[in-house]
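# Architecture at a glance
What follows is each chain in one-letter form.
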Amino acid sequence: MIRIVYLLVKPMFRQECLRHYQMSEGIPGLFKYEVRLVAENPADTHVPYLDVGPVHAIGECWFQSPEDYQRYIESAVRKAWFEHGKTFIGQLKPFVTETLV
Ligand SMILES: CC1=CC(=O)O[C@H]1CC(=O)O
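Residues numbered from 1 in each chain as written. Predicted model: local features only at pLDDT ≥ 70, side-chain atom pairs only at ≥ 80, totals over all residues. Heavy atoms only, no water.

An unreviewed UniProt entry lists the chain under the name 4-methylmuconolactone methylisomerase, with Stutzerimonas xanthomarina given as the organism.

Following this line, the structure appears as structure tokens:
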């Protein structure tokens, strides 16, 4: 499984995030999309705190294979989805992750 996590900045957000989630349904190659609003940012961490600036939501896309990811990237539906993202996401930082266990 390929999972890409996104730090999203700047909402007016809740309804646009819901709309974004609805738009993710049926995008070719996209196995699953999740978006969660950040509720709080505890800074009392047991190791040095990494301040990455304000993050308002965390999005995550799942792909079952590199071929599915390629199909997603080439999809016109995905391009339209990104156009919607441009209307309400102020900044974005992607993390392509690797499953350890
Ligand atoms: C990729 C994405 C991560 C996310 O939360 O929304 C999608 C599409 C976009 O960036 O608009």
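## Thoughts on the site of the ligand
The following threshold applies: One heavy atom suffices: a residue is near a molecule or strand as soon as one of its heavy atoms comes within 4 Å of it. Throughout this description, a polar contact denotes any pair of N or O atoms lying within 3.5 Å of each other; where both atoms belong to protein, one of them has to be capable of donating a hydrogen while the other can accept it, and for residues adjacent in sequence the pair is counted only when both atoms sit in side chains. The Shrake-Rupley method, run with a 1.4 Å probe, gives the accessible areas here. Residue values count only the displayed protein chains as cover. Cavity: a set of points on a 1 Å grid over the protein atoms alone where a 1.4 Å probe fits but cannot get out. Pocket: an open set with protein on both sides within 12 Å along at least five of seven lines, its lining residues, like those of a cavity, having an atom within 4 Å of a point. Cavities and pockets are treated as containing a molecule whenever more than half of the molecule's atoms lie within 2 Å of their grid points. Under the DSSP-based scheme used, a helix requires at least four consecutive residues in state H or I and a strand at least two consecutive residues in state E, with every element numbered from the N terminus.
Within the structure, the ligand sits among Tyr-6, Leu-8, His-20, Tyr-33, Gly-59, Tyr-72, Trp-81, Phe-82, Gly-85, Ile-89 and Leu-92. His-20 is positioned with one of its side-chain polar atoms (N or O) 3.1 Å from an oxygen atom of the ligand. Tyr-33 is positioned with one of its side-chain polar atoms (N or O) 2.7 Å from an oxygen atom of the ligand. Out of a free accessible area of 300 Å², the ligand has 97% covered by protein chains. Counting atoms within 2 Å of the grid points, the majority share of the ligand lands in the largest pocket. Elements with a contribution of two residues or more to the shell around the ligand: strand E1 (2-9) and helix H3 (76-88).

## Brief notes about H3
Note the threshold: Relative accessibility thresholds used throughout: buried, under 20% of the residue-type maximum; exposed, over 50%; partly exposed, between the two (1.4 Å probe, protein chains only). This arc is built from the directions going out from the helix axis to the C-beta atoms. Any two residues whose heavy atoms approach within 4.5 Å at even a single point are treated as in contact.
Among the residues of H3, those classed as buried are Arg-78, Trp-81, His-84, Gly-85 and Phe-88. Relative to the axis of H3, the buried residues are bounded by an arc of 110° and lie together on one face. Every exposed residue of H3 that faces more than 90 degrees away from the buried side is listed here: Ala-76, Lys-86 and Thr-87. On the buried face of H3, the contacting elements are helix H1 (13-24), strand E2 (32-37), strand E3 (57-63) and helix H2 (66-74). If you check the start of H3, you find a side-chain oxygen 3.0 Å away from the backbone N of Val-77, and it comes from Ser-75.

## Focus on the side chain of Glu-60
Within the element layout of this structure, Glu-60 appears in strand E3. Within polar-contact distance, the side chain of Glu-60 engages the side chain of Arg-3 at 2.6 Å.

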